[in-house]
Amino acid sequence: MTEPPATMVIALEIDEPELKERLVELLGAIPGVRLVPAGEAADVVLVPTQPSARPDPDTALTAREREVLELMAEGASNKMIARALGISVHTAKFHVGSVIDKLDATGRTDAVAQAARLGVIRL
């Protein structure tokens with residue numbers, strides 16, 4: 001006779017309701033996993049890697065910055081962004097820098113990836 005698998009107890013310390021609900025749904029369906037409220041004894045505690053109280057980038061970005069971000073996602077250079085928007089290359093560079101800063105990205109590619117993850121743009 002085989003022994004039933006050991007139960008793994010997991011606590012979720014996730015504040016974001018949608019993420020928490022999805023994790024409960026997925027983890028709850030796994031045999032041998034038991035979910036407990038945050039603060040209770042657990043074998044594993046899941047916590048977010050980044051604070052959940054981040055500003056909404058969609059509202060943090062200006063309309064012009066969202067336009068610049070869309071062009072960045074298409075692979076446009078500063079010169080191409082400037083031509084497409086009818087602005088100087090210097091101004092395009094400034095907007096690109098603002099987008100990178102607001103998305104807390106390390107560069108153009110990371111900014112586009114962050115924006116896609118956050119749902120600000122669709123690729």
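Structure report, in brief. (Residues numbered from 1 in each chain as written. Predicted model: local features only at pLDDT ≥ 70, side-chain atom pairs only at ≥ 80, totals over all residues. Heavy atoms only, no water.)

Re the overall build of the protein
The line we're drawing: Numbering of helices and strands runs from the N terminus; a helix is a DSSP stretch of H or I covering at least four residues, while a strand is a stretch of E covering at least two. For the exposure calls, accessible area comes from a 1.4 Å probe over protein chains only, and a residue counts as buried if that area is under 20% of its type's maximum, exposed if over 50%, partly exposed in between. Contacts between residues were defined by any pair of non-hydrogen atoms, one from each residue, lying within 4.5 Å. Residue-level accessible areas treat just the shown protein chains as cover; the underlying method is Shrake-Rupley with a 1.4 Å probe.
Looking only at helices and strands, the protein features 6 helices and 3 strands. Reading the protein from its N terminus to its C terminus gives the helix and strand order β-α-β-β-α-α-α-α-α. The buried share among the 123 residues of the protein stands at 28%. In the protein, of all internal contacts separated by at least 6 residues, the share reaching a separation of at least 24 is 60%. When the accessible surface of the protein is split by element, carbon and sulfur atoms take 55% of a total near 8,500 Å².

Structural notes on helix α3 (residues 63-73)
Going by this rule: The arc in question is formed by the directions pointing from the helix axis toward the C-beta atoms.
For α3, the full list of buried residues reads Glu65, Val68, Leu69, Leu71 and Met72. Projected down its long axis, α3 carries its buried residues within an arc of 165 degrees, all on one side. Phi turns positive, to about 90 degrees, at glycine 75, one or two residues after α3.

Quick look at the sheet that holds strand β2 (residues 33-36)
As a reminder of what qualifies: The criterion for strand pairing is that DSSP finds at least two bridges linking the strands in question. To get an axis, fit a line to the C-alpha atoms, keeping to the stretch in contact for a helix; angles then go from 0 to 180 degrees between the N-to-C directions.
Spatially, 3 strands are ordered β2-β1-β3 in an open sheet, and the strand pairing comes out parallel. The sheet terminates laterally at β2 and β3 (44-46), the two strands that pair on one side only. Pairwise comparison of adjacent strand axes, ignoring direction, gives a mean angle of 30 degrees for this sheet. Here strand β1 (residues 8-12) pairs with β3 via 3 bridges, running parallel. Bridge assignment links alanine 11 to a residue of β3, and that residue is valine 45. Running at roughly 170 degrees to β1, helix α1 (residues 17-28) makes contact with β1, β2 and β3 of the sheet.

Section: the side chain of histidine 95
Its location among the elements puts histidine 95 in helix α5 (residues 89-102). Residues within four places of histidine 95 in sequence aside, it is in contact with Arg64, Glu65, Val68 and Ile87.

Section: the packing of α3 against α5
So the rule is basically this: Roughly parallel refers to an angle under 35 degrees, roughly antiparallel to one over 145, roughly perpendicular to one between 65 and 115, and oblique to any angle outside these ranges. Residue classes follow a fixed rule: Ala, Val, Leu, Ile, Met, Phe, Trp, Tyr, Cys and Pro count as nonpolar, while Asp, Glu, Lys and Arg count as charged, and any other residue, Gly among them, counts as polar.
Where α3 contacts α5, the axes come no closer than 9 Å and their chain directions differ by 90 degrees. Judged by the angle between their axes, α3 and α5 are roughly perpendicular. Contacts between α3 and α5 involve Arg64, Glu65, Val68, Leu69 and Met72 from the first element and His95, Val96, Ser98, Val99, Ile100 and Lys102 from the second. Considering only residue class, the contact of α3 with α5 consists of 6 nonpolar, 2 polar and 3 charged.

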